[in-house]
Amino acid sequence: MLASDSVQGFIEEALTRKWDALQVSTALQKAGYSNEDRAAIMDYMALVPKFREKFCATEHIAKVGAARNSTNNETARGIFLLCDKLALEQSTAQDIGRWKANLWPHGNDATSDATENATGADAEVHDLCCGMGGDSFYLPAGLKVTGVDLDENRLAMYSHNIQALGKPASVKCADVREVAGSNGAKMPASAGMTKTDYFTIDPARRALEGENQRDLKNLTPTLEEVVEISRHYKGGMAKLPPGYPPAEIPDGTEILYLGGHSDCRECLVLFGELAKHPDTVRAVIVGKAGETLAEWTRRRDRSLETLDDDLQEKLDRNDSLEGKDRTYRTATSRSDLPLGEIGKYIAEPAPVLIRSHLFNAAALAHDPNAHLISEGIAYVSSDKPLPAPGFSCYEVLAHTEIATGAVRSMLKEHDIGKITLKLRGVKLDPDAETKRLKPKGKNSAILFYTRFRGEKIAILAKKL
């Protein structure tokens, strides 16, 4: 029903005219849709602007949509993909997807009209746990793709979406572990699959819609199973949550932390031939068009992933514990930077630098005197401003203890009437605290509530 021209045409009209929920429901009722169908259409309609923003902001997809509409003599409208809320949330967005296309043998020709390249034109890839297809949307055109999933609804989404975007692909309803095991000389003829060169996999992380899976190791399939799957291919990539314990990732892989200026969206693990620089860690800030805005690299250092004895003991007995009681070490702000005083500038490292443990080297490259002001908190103080996009840098105006009277006096002294409150190492309600401070003045500033050598402190600063 959602894939029908009539429903998609209705949704496009409703979005264009900016109808509210009552207008949409009334129009659907007049058109004869049941209560159940109206609810499904309205739920889907809410996702349309979101998936267009996430996947369709490219000339290639716009061109495909225009060509499709022209061929079918339809009213000009945007592309329609099939998805539900959970599939949309977990899918790789177009900026990261386009950047990752560079990692494949064909490079980033995902927006090319060509269907084959001179080199490796017969290379194949399995999109394992393919979902609605986010990881296939931007694969280079020269790769032959098969989407594999156990969920028939997801496969229906995948098939529709791949076709809507004009990208050839086949589908296979199967357990990805069994498909990988059959990907070799001993593959049974009944498997219906040929030997495949590469794989990409995005293990499921949420059991139910709206449930944020905090147990980072509770993936389906598990990382251990992904490693076993990787042995049946020449190379591949696995998308993990950015906070996944790096100590669990095997040697011989390449680890990439990918995100924008203000987020770290995934930890990408490369296997086999795709791991061009094995046993290295990279942090990459990706632009809106999939370009590299900044990149940092280091050799993998297991000492940064070492667990203390107490934490290791907790991990050793995790198998017998419920998920909520388990303990896992995640990537933190651990750093080799020394402790020091609050200097002229304070900087927030980009999340990809924090997750990858690369912010210390990145800071020292610009100021050899860069230091932390409190252990375990990723605020870097320096004599020179640290550059964007790796850091958001602020000039320190003043600092004081976190006490209402002291902070109010500091704000009054600098004529601050509008504040943006940033918290790290201190827990409180930002909105309630802003109301309590009642700032009155002409200027704007950033107010950090954090710690200095372990003690709570308020730092007033302005953004550079």
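Residues numbered from 1 in each chain as written. Predicted model: local features only at pLDDT ≥ 70, side-chain atom pairs only at ≥ 80, totals over all residues. Heavy atoms only, no water.

## What to know about the side chain of Gln94
Here's step 1: Among the structural elements, Gln94 can be located in helix H6 (residues 94-100).
Here's step 2: Look at Gln94 and you get buried, because its relative accessible area is 8%.
Here's step 3: Reaching out from Gln94, the side chain makes a polar contact with the backbone oxygen of Lys288 at a distance of 2.9 Å. (Helix = DSSP H or I, 4+ residues; strand = E, 2+ residues; numbered from the N terminus. Buried < 20%, exposed > 50% of the residue type's maximum accessible area, 1.4 Å probe, protein only. Polar contact = N/O pair within 3.5 Å; in protein donor to acceptor, adjacent residues only side chain to side chain.)

## Topic: the sheet that holds strand S15 (residues 443-452)
Here's step 1: In spatial order, the strands read S11-S12-S10-S13-S16-S15-S14; together these seven strands make up an open sheet with mixed pairing. This sheet does not close on itself; its edge strands, each paired only once, are strand S11 (371-372) and strand S14 (416-423).
Here's step 2: Against the sheet, helix H13 (residues 404-413) makes contact with strand S13 (391-400), S14, S15 and strand S16 (455-463), and its axis sits at roughly 110 degrees relative to S13, the strand it touches most.
Here's step 3: Along the sheet, helix H14 (residues 430-437) makes contact with S14 and S15, crossing S14 at roughly 150 degrees. (Pairing = 2+ DSSP bridges. Contact = heavy atoms within 4.5 Å. Axes fitted to C-alpha atoms, helices over the stretch in contact; angles between N-to-C directions.)

## Looking at the packing of aromatic side chains
For any pair of aromatic rings, the description consists of the separation of the ring centres together with the inter-plane angle of the planes.
Here's step 1: Tallied over the entire structure, the rule returns nine aromatic pairs.
Here's step 2: Ring centres of Phe55 and Phe137 lie 5.2 Å apart, and the angle between their planes is 90 degrees; on these two criteria the pair is classed as edge-to-face. Of this pair, Phe55 sits in helix H3 (residues 35-55) while Phe137 sits in the loop between strand S1 (124-128) and strand S2 (144-149), and the two are 82 residues apart along the sequence. Comparing Phe55 with Phe137, the two get one shared label, buried. (Phe/Tyr/Trp six-rings, centres within 6.5 Å; stacked < 30°, edge-to-face > 60°.)

## Considerations on the pairing of strand S3 (residues 170-173)
Here's step 1: Across four bridges, S2 lies against S3 in parallel orientation. Residue pairing across strands places Val148 opposite Lys172, the latter belonging to S3.
Here's step 2: Crossover connection from S2 via helix H7 (residues 152-164) to parallel S3: handedness right-handed. (Right-handed = clockwise from strand over helix to strand, strands pointing away.)

## A closer look at helix H2 (residues 21-30)
Here's step 1: Of the residues flanking the start of H2, the one acting as N-cap is Asp20, its side-chain oxygen 3.2 Å from the backbone nitrogen of Leu22.
Here's step 2: The first or second residue beyond H2 is Gly32, which carries a positive phi of 95 degrees.

## Digging into the sheet that holds strand S5 (residues 235-240)
Picture the strands of a sheet paired through backbone hydrogen bonds; they go either parallel or antiparallel.
Here's step 1: The sheet built from nine strands is open, its strands ordered S3-S2-S1-S4-S5-S7-S6-S8-S9 with mixed pairing. Two strands bound the open sheet, and with one partner strand each, they are S3 and strand S9 (292-299). Each adjacent strand pair in this sheet contributes to an overall mean axis angle of 20 degrees, direction not counted.
Here's step 2: In this sheet, strand S8 (residues 280-286) lies alongside strand S6 (residues 254-259) in parallel orientation, the contact comprising six bridges. In the sheet register, Leu258 faces S8, and the bridge partner there is Val284.

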